[in-house]
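Secondary and tertiary structure notes
Listed here are the chains, written in short residue letters.
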Amino acid sequence: VKFLIEASGDEGKGKAKFRLSVGGKEIEKEFTLTQNEAKAYEFKADLKKGKQKIEIEFLNDDYKEGEYDCNLYIHSVKYEK
């Protein structure tokens, strides 16, 4: 299965990072956005048949008032067989 996750971010001490898991299986341990503007990122996974929960965990939420605020925005999640 191929997953397309469209994401963007606001940079803090670095670009936004996330972990991707599907059906309790970790697909990507720590993925760093390559740009701050919206972009579709592709991930591949072998999954069991049936319903699978997709989890995207934001890993580096940094904030310092008046200086920086790292954010992750998920615009869409799509999958293809």
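A brief structural summary. Since we're looking at a predicted model, the values are computed, not measured.

What to know about the overall build of the protein
Helix and strand counts for the protein come out as zero helices and eight strands. Each helix and strand of the protein, ordered N terminal to C terminal, gives the series β-β-β-β-β-β-β-β. If one aligns the C-alpha atoms of the protein with their principal axes, the spans along those axes are about 50 × 20 × 15 Å. Out of the 81 residues belonging to the protein, those deemed buried represent 26%. Taking the contacts inside the protein whose residues are at least 6 apart along the sequence as the reference set, 69% of them involve residues at least 24 apart.

Let's talk about the nonpolar core
In terms of nonpolar packing, the biggest core is built from 15 residues, with Phe18, Leu20, Leu33 and Phe43 touching the most fellow members. Listing elements by their share of this core, those giving two or more residues are strand 1 (2-10), strand 2 (17-22), strand 3 (25-32) and strand 4 (39-44).

Notes on the environment of Lys51
Structurally, Lys51 is set in the loop between strand 4 and strand 5 (54-58). A C-alpha to C-alpha distance of 14 Å links Lys51 and Glu80, two positions 29 residues apart in sequence.

Examining the sheet that holds strand 2
Here three strands make up an open sheet; going across it, the order is 3-2-5 and the pairing antiparallel. Only two strands of the sheet have a single neighbouring strand rather than two, namely strand 3 and strand 5. Sheet twist, expressed as the average angle between the axes of neighbouring strands with direction ignored, equals 15°. Across five bridges, strand 2 lies against strand 5 in antiparallel orientation. Paired with Leu20 across the strands is Ile56, a residue of strand 5.

Scoring rules and cut-offs
Residues numbered from 1 in each chain as written. Predicted model: local features only at pLDDT ≥ 70, side-chain atom pairs only at ≥ 80, totals over all residues. Heavy atoms only, no water. Helix = DSSP H or I, 4+ residues; strand = E, 2+ residues; numbered from the N terminus. Buried < 20%, exposed > 50% of the residue type's maximum accessible area, 1.4 Å probe, protein only. Contact = heavy atoms within 4.5 Å. Core = buried A, V, L, I, M, F, W, Y, C linked by side-chain atoms within 4.5 Å. Pairing = 2+ DSSP bridges. Axes fitted to C-alpha atoms, helices over the stretch in contact; angles between N-to-C directions.

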